[in-house]
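What the coordinates show
Each chain, letter by letter, is given below.
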Amino acid sequence: MNAKSLTTQILFAMLIGGILGGILNIFLMDISFVSDFIVGDVFHVIGQIFVKTLKMLVVPLVFISLVCGTAALGDIKKLGRLGGKAVLFYLGTTALAITLAITAAVVIAPGQGFDLSSTTVQEFTPKESPSVAQTIINLVPDNPVAAMAEGQMLPLIVFSLLFGIAIVMAGESGKRVEQHFNSYNAVMMQLVVIIMKFAPIGIFCLIAKTFALQGFEAFMPLLSYFLVVAAVLVVHAFVSYPILIKMLSGLNVGVFFKKMRPVQIFAFSTASSNATIPINIENTEKRLGVDNSVASFIIPLGATINMDGTAIMQGVATVFIANVYGIDLSLGQYLAVILTATLASIGTAGVPGVGLIMLAMVLNQVGLPVEGIALIIGVDRLLDMMRTAVNVTGDAAAATIIAKSEGALDQGTYNKQ
Ligand code: ASP
């Protein structure tokens, strides 16, 4: 099956899943056969198996692919330059994203005149977020196997990079190991292709289940908050990234977005940047023409430290909560929000719902009530799906722009229909 027809099928699966889920939610969820068996068993089981197969690929794929990429680079200086560019791009775009979000939220002022009794407040207990010092120490695994077993991305990335560098330095033995890794990499990529074939069914079940369970009543009192987050996400994805891609690489922006569509749908339906890593690497290499040495490094790194969509939610949520509680924030506090949210995004994993945990840290920083988070949990699932799609788009945009600047982008592949 070619990539185009698979994309069409995935799109179709998402649409039909959304429509069916919506219909079930409104008309049929009172029937226990529908709510327990169809949604609770069939959709749930198939959807979870699909997400697990994706997650299953993440650790071996990141390790193998990153070792191959680093070994192929063959130059520690180049690696440092790539890393430097990536961190600069990731932090810069996150700061831009949250600035856009705060500006829009201050102008539109969602939450002003909000009636606290109009919404069901759910329980929210914030988890302790790790300190900056601990986050830095945690970059280095004391046991790479444990890091892999626990799926800790940053320590895994650090170990893979060092392993790749050692391959380059180990002469003949290194060459032999590199050849093996290249073969493993080809096999892993094939596994991604196999799992992609099941994507339409998996995505259909995930989306249908979410929409069947998503109570739409929760939206009304929070509509202004929801719409501001959604609007800024759209602006960042379809205005900021295109401008950056055009300015920094001169590439055709339309092609980028067309080829990103299936990856965005994966991110949307799983709400996890991590689970989307295998598909994003495969798409960035095979369809956008980015060399493995860049994609294998920049994509997993981005899935871990780059969360523009999440930062947007946090910016709007901060202003919303301040408005609801009638607290005025000073310019200094806004700047603190920008800084904290940008830095916080580094230490947070790309899994569903984690943005809210980081939000607790941001609110604490400026002395806003953390319980405010309970107000917005009801609409967070859908926003989580949307912001994850933006997060992974940022990762692929970075990989494409950096690859172009390093002469590691095959323009023929990029422009191929
Ligand atoms: N679900 C998001 C991601 O994986 C993180 C978040 O905002 O909760 O990128």
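Model, not experiment: these values are computed from the prediction.

1. Observations concerning empty space enclosed by the protein
For the coordinates displayed, the defined rule picks out one cavity of 30 Å³ or more. Estimates place the volume of the largest cavity at around 80 Å³. Residue lining of the largest cavity: 16 residues in total, with T310, V351, D384, T388 and N391 positioned closest to the centre. Sorting the residues of the lining of the largest cavity by element identifies α15 (354-365) and α17 (380-405) as the ones contributing at least two each. Counting residues per element, the lining of the largest cavity draws most heavily on α17, which supplies four residues. Among the residues making up the lining of the largest cavity, the classes are represented as six nonpolar, eight polar and two charged.

2. Considerations on unusual backbone geometry
Backbone geometry at A109 places phi at a positive 55 degrees, although glycine is not the residue there. Among the structural elements, A109 can be located in the loop between α3 (76-108) and α4 (132-137).

3. Examining the environment of I299
Mapped onto the elements of the fold, I299 is located in helix α12 (residues 292-305). Look at I299 and you get buried, because its relative accessible area is 0%. Spatially, the C-alpha atoms of I299 and G394 are 9.3 Å apart, while their sequence positions differ by 95 residues. Not counting residues within four places of it along the chain, the set of residues in contact with I299 comprises I277, N280, I281, T284, D395, A396 and A399.

4. Quick word on the side chain of N25
Mapped onto the elements, N25 comes out in helix α1 (residues 3-28). Assessed through its relative accessible area of 17%, N25 is described here as buried. If we ignore the near neighbours within four places in the chain, the residues touching N25 are F211, A212, L213, Q214, G215 and F216.

5. Overview of helix α6 (residues 153-169)
Counted at 1.5 Å a residue, the expected span for α6 with its 17 residues is 24 Å, and the 24 Å between its end C-alpha atoms agrees. As for α6, its buried residues are in contact with α2 (32-73), α3, α5 (144-149), α7 (171-197), α11 (273-286) and α12.

6. A word on the site of the ligand
Taken together, 14 residues are adjacent to the ligand, and S273, T310, G355, D384 and R387 come closest. Contact between the ligand and A271: a nitrogen atom at 2.9 Å from a main-chain N or O atom of the residue. One nitrogen or oxygen atom from the side chain of S273 is found 2.4 Å from an oxygen atom belonging to the ligand. The cavity where the ligand resides is the largest cavity. Secondary-structure elements contributing two or more residues to the shell around the ligand are α15 and α17. Sort the elements by how many residues they give to the shell around the ligand and α17 lands first, with four residues. For the shell around the ligand, a count of residues per class yields four nonpolar, eight polar and two charged.

Conventions adopted
Each chain has its residues counted from 1, following the order in which its sequence is written. Local features in this predicted model are restricted to residues of pLDDT 70 or higher, and side-chain atom pairs are both shown and tallied only at a pLDDT of 80 or more, whereas totals for entire chains, interfaces and linings draw on every residue. Only hydrogens and water are set aside when side-chain values are computed; all heavy atoms of the structure are taken into account. A cavity, in this analysis, means grid points on a 1 Å lattice covering only the protein atoms where a 1.4 Å probe fits yet has no way out; a pocket is instead an open set bounded by protein on both sides within 12 Å along at least five of seven lines, and a residue lines either one if it has an atom within 4 Å of a point. Grid points are joined across faces, edges and corners, and a volume is the space filled by probe spheres set on the points. A run of DSSP states H or I qualifies as a helix once it reaches four residues; a run of E qualifies as a strand once it reaches two. Both are numbered from the N-terminal end. Residue polarity follows a fixed list, in which Ala, Val, Leu, Ile, Met, Phe, Trp, Tyr, Cys and Pro are nonpolar, Asp, Glu, Lys and Arg are charged, and the others, Gly among them, are polar. Whether a residue is buried, partly exposed or exposed follows from its accessible area with a 1.4 Å probe, protein chains only, as a fraction of its type maximum: under 20%, in between, or over 50%, in that order. We call two residues contacting when some pair of their heavy atoms lies within 4.5 Å. The span expected for a helix works out to 1.5 Å for each residue beyond the first. Residues are counted as near a molecule or strand when any one of their heavy atoms sits within 4 Å of it. The definition of a polar contact used here is a pair of N or O atoms within 3.5 Å, where within protein one atom must be able to donate a hydrogen and the other to accept one, and adjacent residues in sequence count solely through side-chain atom pairs. Cavities and pockets are treated as containing a molecule whenever more than half of the molecule's atoms lie within 2 Å of their grid points.

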